[in-house]
Amino acid sequence: MEKFEVHILGCGSAKPTLRHQPSSQVINVREKVFMVDCGEGAQVQFCRARQKFSRLNAIFISHLHGDHVFGLIGLLSTMALAGRTATLHIYAHAPLQGLLQPHIDFFCRGMQYEVIFHSLPDDHDSHLIYEDRSIEVHTLPLCHRLPSCGFLFKEKPLLPHIRHDMMTYLQIPYYMVNTIKQGAGWTDAEGRTYRHEELVTPADAPRSYAYCSDTNFQPRLADMLQGVNVLYHEATFAHDMLPRAQETCHSTARQAGEMARLAQARRLVIGHFSSRYDDEQPLLAEAQAVFPNTLLAHEGMVIQVD
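What counts as what
Residues numbered from 1 in each chain as written. Predicted model: local features only at pLDDT ≥ 70, side-chain atom pairs only at ≥ 80, totals over all residues. Heavy atoms only, no water. Axes fitted to C-alpha atoms, helices over the stretch in contact; angles between N-to-C directions. Helix = DSSP H or I, 4+ residues; strand = E, 2+ residues; numbered from the N terminus. Left-handed = near helix turned anticlockwise from the far one by under 90°. Contact = heavy atoms within 4.5 Å. Nonpolar A, V, L, I, M, F, W, Y, C, P; charged D, E, K, R; others polar. Pairing = 2+ DSSP bridges. Parallel < 35°, antiparallel > 145°, perpendicular 65-115°, else oblique.

Regarding the packing of helix α8 (residues 253-263) against helix α9 (residues 281-288)
Link 1 in the chain: Running from N to C, α8 and α9 point in directions that differ by 35°, and their axes come no closer than 7 Å. Considering only the axes of α8 and α9, their crossing is right-handed. Facing Ala253, Arg254 and Gly257 of α8, the residues of α9 in contact are Leu283, Glu286 and Ala287.
Link 2 in the chain: Residues belonging to the contact of α8 with α9 are distributed by class as follows: 3 nonpolar, 1 polar and 2 charged.

Dropping the structure here:
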């Protein structure tokens with residue numbers, strides 16, 4: 001199965017701690033690398049995750065609070081010093097370009113690559129914002145103190161698997177593999193025809209990953225998230241802090257579990273923990289009471305999306 005994995009670079013909330021790094025993740029899909037949020041120190045965490053800056057295609061920023069963007073200028077500068085030449089795309093709400101461009105002009109003067117900004121929508125719908133041959137990225141409308149959105153990474157339908165026993169038996173040349181995967185049959189030297197369905201086995205089901213941070217509990221997202229393989233949802237507070245969560249437009253661990261249940265997700269990973277918690281096990285227990293297949297995010301965690 002092709003690679004589809006998520007590296008947790010940071011899963012803490014606003015206040016820096018020695019326990020957690022600010023929010024940042026790397027999504028690697030078939031060696032195409034994307035970053036979601038870029039909190040302070042993200043470039044160091046990126047190196048610790050053994051990712052390659054040269055493969056970073058795009059950065060998606062959920063909203064413009066500092067703990068999600070303070071790492072950007074350092075990351076851009078490091079890539080310039082490393083001699084990057086490939087264009088980098090940043091998807092963020094419109095004000096980021098005006099805020100970041102003066103820093104790029106001053107600190108990254110003469111860099112050899114272009115940064116292209118793409119403005120995210122501020123409405124309450126989901127939009128396709130990125131697409132290539134293997135994946136789509138859709139926005140997820142969130143509810144926070146600033147315009148905010150999550151991101152849904154959806155693998156495109158895969159081609160079926162070739163039957164190697166039939167390839168050998170019929171002596172089908174290797175250059176025909178992709179043609180057969182795409183629907184062709186085969187006629188052997190004696191004129192016998194074999195249907196496409198006889199030469200392949202069904203493709204793996206497309207996989208998906210959703211990132212939801214920071215937001216109030218939004219039950220309406222469940223329809224957009226139905227059947228997602230892995231849901232990352234913020235769990236800033238325990239449910240006994242619900243008034244504080246509502247005041248700051250965050251979610252509780254119980255609400256994260258409820259979102260995963262409503263969305264019929266396969267797995268839930270909770271993160272964006274408040275600095276008040278030295279032990280997140282109570283948050284985990286709270287989410288698992290609603291949705292048992294829940295994991296705690298931690299720096300260095302690698303999630304296989306399958």
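Moving on, there is more to tell.
Examining the sheet that holds strand β9 (residues 149-155)
Link 1 in the chain: With respect to topology, 7 strands assemble into an open sheet ordered β7-β8-β9-β14-β15-β16-β17, the strand pairing being mixed. This sheet does not close on itself; its edge strands, each paired only once, are β7 (128-131) and β17 (294-296). Within this sheet the neighbouring strands show an average axis-to-axis angle of 20°, counted without direction.
Link 2 in the chain: Pairing between β7 and strand β8 (residues 135-141): 3 bridges, direction antiparallel. Each bridged residue has a counterpart across the sheet, and for Tyr130 the counterpart in β8 is Val137.
Link 3 in the chain: Against the sheet, α8 engages β15 (230-234) and β16 (267-271), with an angle of about 150° to β15.

Structural notes on the sheet that holds strand β1 (residues 4-10)
Link 1 in the chain: Spatially, β6-β5-β4-β3-β2-β1-β18 is the arrangement adopted by the 7 strands of the open sheet, whose pairing is mixed. Strand pairing shows two members of the sheet lacking a second neighbour, β6 (115-119) and β18 (302-304), which therefore form its edges. Taking the axes of each pair of neighbouring strands and ignoring which way they run, one obtains an average angle of 20° across the sheet.
Link 2 in the chain: Here 4 bridges tie strand β3 (residues 32-38) to strand β4 (residues 56-60), and the two strands are oriented parallel to one another. From the neighbouring strand, Val36 faces β4, where its bridge partner is Phe60.
Link 3 in the chain: Running over the sheet, helix α3 (residues 95-107) touches β5 (88-92) and β6 and is turned about 165° from β6.

Examining the packing of helix α2 (residues 72-81) against α3
Link 1 in the chain: Interaxial distance between α2 and α3 falls to 10 Å at its minimum, and their mutual angle equals 40°. With respect to their mutual orientation, α2 and α3 come out oblique. Crossing geometry of α2 relative to α3 is assigned as right-handed. Here α2 contributes Leu72, Ile73, Leu76 and Ser77 to the contact with α3, which in turn contributes Leu96, Leu100, His103, Ile104 and Phe107.
Link 2 in the chain: Split into classes, the residues belonging to the contact of α2 with α3 amount to 7 nonpolar, 2 polar and no charged.

Functional significance is not addressed by these values, which are geometric in nature.
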